[in-house]
Amino acid sequence: MASNKLSVVDYVILVILLLSSAIIGVIFGFFKSSKNSAKEFLLANGDMGALPTGLSILVSFLSAVTLLGTPSEVYVFGTMYFYQGIALMIASLVTALVFMPKFREMQCTSVYEYLDQRFDRTVRLCVSFSFSVIMLIYMAIVLYGPALALSQTAGLNIWLCVISIGAICTFYSSVGGMRAVIWADVLQAIVMAIGLLAVIIQGLISLGGFKRTFSIASRGGRIEFDNVSIDPRTRHTVWSLLIGSSINALATYGFNQALVQRYMCIRSTRGAKQALFINAIGSALIVFASGLIGVILYAYYADCDPYTNKKLQEIDQILPYFVMEVLSNKKGLPGVFLACIFSGSLSTISSGLNSLAGVLIEDIYKRLLGRQLTDQRQGFICKIVSVLLGVLVILLTYVVSYLGSILNATLSLFGVFEGPIMGVFVLGFFFPQANRRGALVGFCVSLALEFWIFLGAQITKNQMKSVSLPFSIANCSDMTNSTLTNWTTSTVVSTFFKRNPLIDLYSVSYLWYTPIAVATVIFVGIIVSYLTHPLQPHEIDRKLIISVSDLCCCFSPKRWCGCKGGKAAPGSLNSRGSSWILADSMDP
């Protein structure tokens, strides 16, 4: 472990960040808010600007796990992960052009209202409940994971981190509502950018510049951009990142309540598009910056890997370890970095609390129990629910602390759930004859398949071929014989296991999980719908469908397809019937 500890200046920077977030909640909760309504709490009264909301979208799911995980990913597996930045851009642009206008047209508070209108209440409740459960678990992990890494490398008390972040998030998200969450996200986006730049600049200075850094990384096999293997078991390829990861990101940007709620807060659809374009550029820059830090980390530890040398318990601790070793002599810089990590957790958890409050009230309380509330009453209940959720997340963090080695596996469950959820929306939007039975069975089968692959991958991971790149501990001054022995034996232990016949299925790259889930929902949903009375053109509201002509309007100048405001003109293809493929191919 790094022996350096935080200075008083570092702690002051952390306290300023937390207090600033709390003050934002006070300002928008008690002074700037004109009314205590559900629309104000959940949607900021629909009058937010594009820039602050775009930055809020940017940091909502680029959490502290991302800030710590991306550098370690590049450190271990190389620079193929840089393509993730392009994938996030693609997903954000598709969301801006295709799905966001449709949701804004429907004026949904909860994105799952669409499923109620398109299929039925059962489908909506199943998807809403799945989202709620996994979001709670995800927030607990986002809160605990970084706190654990920081406690073991920077000497911070882990439960002080957990309680301070959880309490501040709960306070400003419940008091100030969505408006406070968005403006706090703006502050946290700035802090994250400063923290990443500080690490990059100081890292390059310590290594002697870009040229030397990339030269060392290249000799270590970390610089790779041309893996075009079509083997789906390969962890990172051009195809899995540009196709699989784009669909993964689309599941979040297009159909996750926390992000849909963001672009429903903006004054106009044009402004919402601008916000998503800002997110497209910003998310790519953050991935590239985090990836560059991974290259810097490898170049710095090329001849003495601290993980192999037993200085770290988990590889995700490599970045805070580097910061405390290299930057601790510059007072304030470790504090800036830690504020960056805290900001990642704050932004993700505050987003989750607000969106979960909306889902629980709109989908569970009002729809399941059939209770009607005034707008003022609903706003007050949302605040209470947000507080209770914050307390629940902190308590769940205590449970997560006992997960041990399966912590990372639990985190990947988020992707397991998002694929089937996206599949139901795709089935509803693009396959007009799909009915409620097809959607429900497709969702359940897809979720079961994803769990099967996920659990199989966890159980048989010791039988899977190692794909990590080599490390060196040749120049570690404190290297011991036991360290070398442990490292050597860990590379051959898998040869003693009997090979599972399904190992090829379980070895599929995690980036293909969401595409597999979406395809399963569509395939099963179409078959079941066909067997149980497929919907006819007159049985479905065309506002709930995205047709071929709609897609043409989304990606072409309006004058080319004769549409106005994203809707097909009379007599265009959209005025005809529907089919299994897309809404335009069958005449009634």
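Residues numbered from 1 in each chain as written. Predicted model: local features only at pLDDT ≥ 70, side-chain atom pairs only at ≥ 80, totals over all residues. Heavy atoms only, no water.

Within an unreviewed UniProt entry, the label attached to the protein chain reads Sodium-coupled monocarboxylate transporter 1, and the organism entered is Rotaria socialis. The record held by UniProt for the protein chain lists under Sequence similarities (unreviewed entry) the comment "Belongs to the sodium:solute symporter (SSF) (TC 2.A.21) family." Taken from UniProt, the Catalytic activity (unreviewed entry) comment for the protein chain reads in full: "iodide(out) + 2 Na(+)(out) = iodide(in) + 2 Na(+)(in)". (UniProt positions renumbered as here; feature names shortened; annotations may be inferred.)

**Student:** Please explain the overall build of the protein chain as it appears in this structure.
**Tutor:** Within the protein chain, the secondary structure is distributed over 23 helices and two strands. Taken over 588 residues, the protein chain has a buried fraction of 58%. For the protein chain, restricting intrachain contacts to residue pairs at least 6 apart in sequence, the fraction spanning at least 24 positions comes to 86%. Summed over its atoms, the accessible surface of the protein chain is roughly 24000 Å², and 65% of this surface lies on carbon and sulfur atoms. (Helix = DSSP H or I, 4+ residues; strand = E, 2+ residues; numbered from the N terminus. Buried < 20%, exposed > 50% of the residue type's maximum accessible area, 1.4 Å probe, protein only. Contact = heavy atoms within 4.5 Å. Areas by Shrake-Rupley, 256 points an atom, 1.4 Å probe, with all protein chains shown as cover.)

**Student:** Help me understand helix 18 (residues 436-459) in this model?
**Tutor:** One full turn of an α-helix is made of 3.6 residues, so residues set three or four places apart face in the same direction. With 24 residues, helix 18 should reach 34 Å at 1.5 Å per residue; the first-to-last C-alpha distance of 34 Å fits that figure. Among all positions of helix 18, only Gly 438, Ala 439, Gly 442, Phe 443, Ser 446, Leu 447, Glu 450, Ile 453, Phe 454, Gly 456 and Ala 457 are buried. For helix 18, the capping residue at the N-terminal end is Asn 435, with a side-chain oxygen 3.1 Å from the backbone nitrogen of Arg 437. (Expected span 1.5 Å × (residues − 1). Polar contact = N/O pair within 3.5 Å; in protein donor to acceptor, adjacent residues only side chain to side chain.)

**Student:** It is not clear to me how the nonpolar core should be interpreted in this structure. Could you clarify?
**Tutor:** The tendency in soluble globular proteins is for nonpolar side chains to be buried side by side. One finds Phe 103 and Phe 425 to be the most contacted residues of the largest nonpolar core, which totals 171 residues. Broken down by element, this core gets its largest block of residues, 21 residues, from helix 8 (residues 158-207). (Core = buried A, V, L, I, M, F, W, Y, C linked by side-chain atoms within 4.5 Å.)

**Student:** Please clarify how the packing of helix 12 (residues 269-300) against helix 13 (residues 318-326) should be interpreted in this entry.
**Tutor:** How two helices sit against one another is set out by the angle between their axes and by the gap between those axes. Two numbers describe how helix 12 lies on helix 13: the axes approach to 11 Å, and their chain directions differ by 65°. As for the relative orientation of helix 12 and helix 13, their crossing is left-handed in sense. Contact with helix 12, carried on its side by Ile 293, Ile 296, Leu 297 and Tyr 300, involves Ile 318, Leu 319, Phe 322, Glu 325 and Val 326 of helix 13 and no other residues of that element. (Axes fitted to C-alpha atoms, helices over the stretch in contact; angles between N-to-C directions. Left-handed = near helix turned anticlockwise from the far one by under 90°.)

**Student:** Where do I start with the environment of Val 508 in this structure?
**Tutor:** Topologically, Val 508 is positioned in the loop between helix 20 (503-506) and helix 21 (513-531). Here the alpha-carbon distance between Val 508 and Ile 453, two residues 55 residues apart in the chain, equals 8.6 Å. Excluding residues that lie within four positions of it along the chain, Val 508 makes contacts with Pro 232, Arg 233, Tyr 513 and Ile 516.

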